[in-house]
Amino acid sequence: MVPAPFIIILVLVLLILFSGIATVQQGTVAVTTIFGKFNRILRPGLNFKIPFIEKVYSRISIQNRSMELKFQAITQDQANVNFSAMLLYSVLNQEDQTIKNVAFKFMDNQSFMQALVRSVEGAVRAFVATRRQSEVLLLRTEIILHVKEQLDRQLEDWGYHLIDLQMNDITFDEAIMRSMAQVVASNNLKAAAENEGQALLITKTKGAEADGNAIKISAEAERQAAQLRGQGVALFREEVARGMALAAQEMEKAQLDASFILFSMWTDAIKHFAEVGKGNTIFLDGSNEGMDHTLKQMMSLMSKKTDGQNGARL
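This structure is a prediction, so every number in the text was calculated from the model and none was measured.

Peer 1: Please provide a residue-by-residue account of the sheet that holds strand S8 (residues 160-172), values included.
Peer 2: Reading across the sheet, the three strands line up as S6-S7-S8 and stay open at both edges, with antiparallel pairing between neighbours. Edge positions in the sheet fall to strand S6 (65-74) and S8, since each has one partner strand and no second. Going across the sheet, the axis of each strand differs from the next one's by a mean of 25°, ignoring polarity. In this sheet, S8 lies alongside strand S7 (residues 80-91) in antiparallel orientation, the contact comprising eleven bridges. Directly across from Ala 85, in S8, lies its bridge partner Met 167.

Have a look at this one:
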C-alpha cells in the first residue's frame, strides 16, 4: 500500500507541472505577467511558464478581423448621408512592443472597438462636412484614402493596422434621393432633346447638301446637253451650208438656174415637216408671191455663202 505522504507529494508535483504548461493556439499569442507586471509573450504551441507565479494575462489574435459599420454624416449643404462600410484590420506585427500595446492600451476589447468605430466615423464626417451633396457619391475613393491617412498613425500607436476600408453603400434621405432622381431624369431629357435636335439638324443639313448637289449635277448635265445640242445645230448648219455651196457650184458648172435646186429644197423641207411634225401645226405661205420671196432669200443666202468661200480661196 502506497503511503499517504507520497500520494500528496505526487499530486503536488502534478499540479506544479500542469500549472507550468501553457498551450497557445495557432494565430494567437499569449501575454504573461508576474505579479501583475508584463513578463513575456508566448508563441503558438506548447510553452512552459513559472508555476503559480507567471500568469497568462490575455490571448491576442493576430489574424485579420472585420466589422460592419453604419453611420450618418452631414454634407456642407446640410444633406444627411448614410454610410454602410466594412472595416478590415489586424495586429500590426508580432513584435513585443506591438503586442504590449494591444494588450495594455485598452481595458478590454470592447473599449478598443468603440474607439476604432468612433475614429472611423469621425474621419468620414470631417471629410464629408467639407463637400457638397452632389460631390459625395463621386468621392468614394477619396473618402477611403482620407480615413486611412487619418487613422494609420493612431492605429499604430494602439498596435493595429488598417488593412482596408470599403464603402459598400452611400445613400441619402428619401426626399433627397427623389430630388436627385428628378435632376437626373431632367438632365437625361435635356440630353435626349439636344441629341434629337442635333440629329434633325444633321439630317436637314445632309438633305440640303444632297439637294444642292443634285441641282448642281442636273445643271451641269443640262449645260453639257445644251452645249452638245448647240454643237449639233452648228454642225448641222455647217453641213447644210456646205451642201448648198456644193450644189450651187454644180449648178453653176451645169449652167442651171439656182431656183430649181431651191425649189427642190423647199419641197423637201415641207415633206420633212409633214413626216416629223408629230401633229404640230406649221403655217407656211404657199402663195406664189410668198414662195417667190422665200426663194429669193435662199438665193441671196447662197450667193453670200459662195462669195465668202471664193474670198477664202483667194
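Additional details are given in the paragraphs that follow.
Peer 1: Which residues make up the packing of helix H3 (residues 109-128) against helix H5 (residues 140-158), and what values go with them?
Peer 2: Running from N to C, H3 and H5 cross one another at 145°; their axes reach a closest spacing of 9 Å. Read as a crossing pair, H3 and H5 show a hand that is right-handed. Residue-level inspection shows Phe 112, Ala 115, Leu 116, Ser 119, Val 120, Ala 123, Val 124, Phe 127 and Val 128 of H3 in contact with H5, the latter providing Glu 142, Ile 143, His 146, Val 147, Gln 150, Leu 151, Leu 155 and Trp 158. Looking at side-chain class alone, the contact of H3 with H5 contains 13 nonpolar, three polar and one charged residues.

Peer 1: Can you tell me about the sheet that holds strand S5 (residues 54-61), naming the residues and giving the values?
Peer 2: Overall, antiparallel pairing links the three strands, which are arranged S3-S2-S5 in an open sheet. The open sheet is flanked by strand S3 (37-42) and S5, the only strands paired with a single partner. Adjacent strand axes in the sheet meet at a mean angle of 30° when their direction is disregarded. Sheet analysis places strand S2 (residues 28-34) next to S5, joined by seven bridges and oriented antiparallel. Residue pairing in the sheet places Thr 28 in a bridge with Ser 61 of S5. Along the sheet face, helix H2 (residues 96-104) touches S2, S3 and S5 and points at about 90° away from the line of S5.

Peer 1: Talk me through H5; I want residue IDs and the actual numbers.
Peer 2: Here H5 contains 19 residues, and its C-alpha end-to-end distance of 26 Å stays within 8% of the 27 Å for a straight helix at 1.5 Å per residue. Roughly 35° is the biggest bend found in H5, and it falls at Leu 151. Those residues of H5 lying buried are Ile 143, Ile 144, His 146, Val 147, Lys 148, Leu 151, Leu 155 and Trp 158. Here the buried face of H5 lies against S7, H2, H3, helix H4 (133-136) and S8. Directly beyond the C-terminal end of H5, a positive phi value near 95° is found at Gly 159.

Peer 1: Any chance you could break down a nonpolar patch on the surface for me, citing the residues and the numbers?
Peer 2: The grouping of Ile 7, Ile 8, Val 11, Leu 12, Leu 15, Ile 16, Phe 35, Ile 50, Phe 52 and Ile 53 at the surface amounts to a nonpolar patch, some 990 Å² of accessible area in total. Considering the arrangement of structural elements, one finds Ile 16 in helix H1 (residues 4-19).

Peer 1: I'd like a rundown of the packing of aromatic side chains, residues and numbers included.
Peer 2: Counted by the stated rule, this structure contains nine aromatic pairs. Arranged with centres 5.4 Å apart and planes meeting at 20°, the rings of Phe 71 and Phe 83 form a pair that is stacked. Taken together, the positions of Phe 71 in strand S6 and Phe 83 in strand S7 put the pair twelve residues apart, joining distant regions of the chain. Across the pair, exposure class does not vary: Phe 71 and Phe 83 are buried alike. Seen from their ring centres, Phe 112 and Trp 158 are 6.1 Å apart, and the 85° between their planes marks the pair as edge-to-face. On the criterion of sequence distance, the pair formed by Phe 112 in helix H3 and Trp 158 in helix H5 is long-range, its members being 46 residues apart. We classify Trp 158 as buried; its relative accessible area is 12%. Cluster of aromatic residues (ring-pair linked, three or more members): Tyr 89, Phe 106, Phe 112, Trp 158 and Tyr 160.

Thresholds, definitions, all that
- Residues numbered from 1 in each chain as written.
- Predicted model: local features only at pLDDT ≥ 70, side-chain atom pairs only at ≥ 80, totals over all residues.
- Heavy atoms only, no water.
- Pairing = 2+ DSSP bridges.
- Helix = DSSP H or I, 4+ residues; strand = E, 2+ residues; numbered from the N terminus.
- Axes fitted to C-alpha atoms, helices over the stretch in contact; angles between N-to-C directions.
- Left-handed = near helix turned anticlockwise from the far one by under 90°.
- Contact = heavy atoms within 4.5 Å.
- Nonpolar A, V, L, I, M, F, W, Y, C, P; charged D, E, K, R; others polar.
- Expected span 1.5 Å × (residues − 1).
- Bend = angle between axes of the 7 residues up to and from the residue.
- Buried < 20%, exposed > 50% of the residue type's maximum accessible area, 1.4 Å probe, protein only.
- Patch = residues over 30% accessible without salt bridge, like charges linked within 9 Å, V, L, I, M, F, W, Y side chains within 5 Å.
- Areas by Shrake-Rupley, 256 points an atom, 1.4 Å probe, with all protein chains shown as cover.
- Salt bridge = Lys/Arg side-chain N within 4 Å of Asp/Glu carboxyl O.
- Phe/Tyr/Trp six-rings, centres within 6.5 Å; stacked < 30°, edge-to-face > 60°.

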